[in-house]
Amino acid sequence: LMLPSLSGLCSLTKLDLSDCGLGEGAILSDIGNLHSLKALYLSENNFVTLPASISGLFNLEYLKLEDCKRLQSLPQLPPNVHNVRLNGCASLVTLLGVLRLRKSSWTTIYCIDSLKLLGKNDLATSMLREHLEAVSAPDSKLSIVVPGSEIPKWFMYQNEGSSITVTRPSYLHNVNKVVGYAVCCVFHVPKHSTGIRRTTWKGHSFLTHLLFCSMDCSSLFYGIDFRDKFGHRGSDHLWLLFLSRAECDEYKWHFESNHFKLKFANHSAVSNTGLKVKRCGFHPVYKQEVEEFDETTKQWTHFTSYNLNEFHHDFVGSNMEVATTSKRSLAENAGAAEASGSGCCDDD
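Residues numbered from 1 in each chain as written. Predicted model: local features only at pLDDT ≥ 70, side-chain atom pairs only at ≥ 80, totals over all residues. Heavy atoms only, no water.

Under an unreviewed UniProt entry, the name given to the protein is C-JID domain-containing protein, and the source organism is Citrus sinensis.

A separate point is the overall build of the protein. When helices and strands are counted, the protein shows 2 helices and 17 strands. Taking contacts inside the protein between residues at least 6 apart in sequence as the whole, the part at least 24 apart equals 66%. For the protein, the accessible surface area stands at approximately 15600 Å², while carbon and sulfur atoms represent 49% of it. (Helix = DSSP H or I, 4+ residues; strand = E, 2+ residues; numbered from the N terminus. Contact = heavy atoms within 4.5 Å. Areas by Shrake-Rupley, 256 points an atom, 1.4 Å probe, with all protein chains shown as cover.)

As for its placement among the helices and strands, His283 is situated in strand β15 (residues 276-294). Residue class for His283 comes out buried when judged on its relative accessible area of 1%. Separated by 2.9 Å, the side chain of His283 and the backbone nitrogen of Met156 make a polar contact. Other than its neighbours up to four places away in sequence, His283 contacts Trp154, Phe155, Met156, Gly180, Tyr181, Ala182 and Asn307. (Buried < 20%, exposed > 50% of the residue type's maximum accessible area, 1.4 Å probe, protein only. Polar contact = N/O pair within 3.5 Å; in protein donor to acceptor, adjacent residues only side chain to side chain.)

What follows deals with the packing of aromatic side chains. Per the stated rule, a full pass over the model turns up 16 aromatic pairs. An angle of 55° between the planes, with centres 5.8 Å apart, marks the rings of Tyr171 and Tyr181 as tilted. Here the residue Tyr171 occupies a position in the loop between β8 (163-167) and β9 (178-188), and Tyr181 occupies one in strand β9, the gap between them amounting to 10 residues. Summarising the aromatic geometry, the rings of Tyr222 and Tyr251 are spaced 4.5 Å apart at their centres and angled 20° between planes, so their arrangement reads as stacked. Placement of Tyr222 in strand β12 (residues 221-227) and of Tyr251 in helix α2 (residues 245-251) is noted, with a sequence separation of 29 residues between them. Residue classification places Tyr222 among the buried residues on the basis of a relative accessible area of 6%. (Phe/Tyr/Trp six-rings, centres within 6.5 Å; stacked < 30°, edge-to-face > 60°.)

Our focus in this paragraph is the pattern of salt bridges. Under the criterion given, the structure shown has 8 salt bridges. Measuring nitrogen to oxygen at the nearest pair gives 3.8 Å for the salt bridge that ties Lys64 to Glu66. By the burial criterion, Lys64 is buried, and Glu66 matches it. A salt bridge links Asp67 to Lys229, with the shortest nitrogen-to-oxygen separation between them at 2.8 Å. In this pair, Asp67 is assigned in the loop between β3 (62-64) and β4 (83-85) and Lys229 in the loop between β12 and β13 (237-244), connecting sequence segments 162 residues apart. For Asp67, a relative accessible area of 13% corresponds to the buried category. (Salt bridge = Lys/Arg side-chain N within 4 Å of Asp/Glu carboxyl O.)

This paragraph deals with the nonpolar core. Grouped together as the largest cluster of nonpolar side chains are 54 residues, with contacts concentrated most on Leu40, Leu65, Leu86 and Leu95. Per element, the largest residue contribution to this core is 5 residues, and it comes from helix α1 (residues 123-134). Apart from residues no more than four positions distant in its own chain, Leu95 is found in contact with Leu74, Leu86, Ile109, Cys111, Leu117, Leu123 and Met127. Counting 35 residues, the second largest nonpolar core, distinct from the first, contains Ile112, Val178, Val183 and Cys185. (Core = buried A, V, L, I, M, F, W, Y, C linked by side-chain atoms within 4.5 Å.)

So, about the pairing of strand β14 (residues 259-265). In terms of burial, β14 is a largely internal element, 5 of the 7 residues being buried. Relative to β14, strand β11 (residues 205-215) is paired through 4 bridges, and the arrangement is antiparallel. Following the sheet pairing, Met215 is matched in β14 by Leu262. (Pairing = 2+ DSSP bridges.)

Attention shifts here to the environment of Ser257. Note that Ser257 resides in the loop between α2 and β14. Separated by 88 residues in the primary sequence, Ser257 and Pro169 place their C-alpha atoms 8.1 Å from one another. When neighbours within four sequence positions are excluded, Ser257 is seen to be in contact with Pro169 and Leu172. Among the polar contacts made by the side chain of Ser257, one reaches the main-chain carbonyl oxygen of His259 at a distance of 3.3 Å.

This is the structure we're talking about:
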């Protein structure tokens, strides 16, 4: 099946082509001319790639590609899309580069059961870095779910179980360098678990799994949801949530205090969905301007660095060094205070 030209539908705001038997090349590049489009539903089709022109859908907010079993990769996402569903995309092998055009302050990407992403340990980290480099909004937040069974090794605080308590965090001594906070958990969907029933405003009813993250000093929480049919293929999944400092202030999530507790819960006030949270973590994200010496040009070049790997575990040190012999912090002579204090993790 080939779609006809879409170029004359410039006022269209919603397009649903789910389960239409669309194969590779069936979606023409002129889909990028639908400049009023806000929601695009392409689930249960057979294409391998999408036209790069999709990145030109500047008003697109919602993109659903669930159960596209042959989909292998995505082009760069449009700048304002903030909800992308890739659950059940069994052939998807990479998401690198998809966030480079992002401008929206809020982005969620769900990849439940997209199991070819399993083992790509740095995927969530790379996507977070792309988000930080692309989005300048002070209230930015990013929520990603990908297959995985481990907390990224660079997370400063980690704990087994569904909660983590941090006491006297060392980053308070350099909190002015913090751009936001990363929170994550590894969860598992037991084989015979069932979701809770939800009803849309149109009266449609379906089962869904829910998972929430909350802080003990705030009544507000963040969450993810996905249809009951996903998550039963035996793999653990990693949920990574990044919150800017401005976002945390608005939600009254006080990471800049001497003691706080984060908790992941798989239930609402109505029902328990059966999800199991295995481990969780927390990490302050720092931004720093660094210089690197180019041996070819014999000049120092400037770039921005974030503490998103194991090498940066001492990022809160006296001079915030990221340096080897060929790198140096632009603030290395600023005389920043030595980090002190201690952090602890426990399950209450």
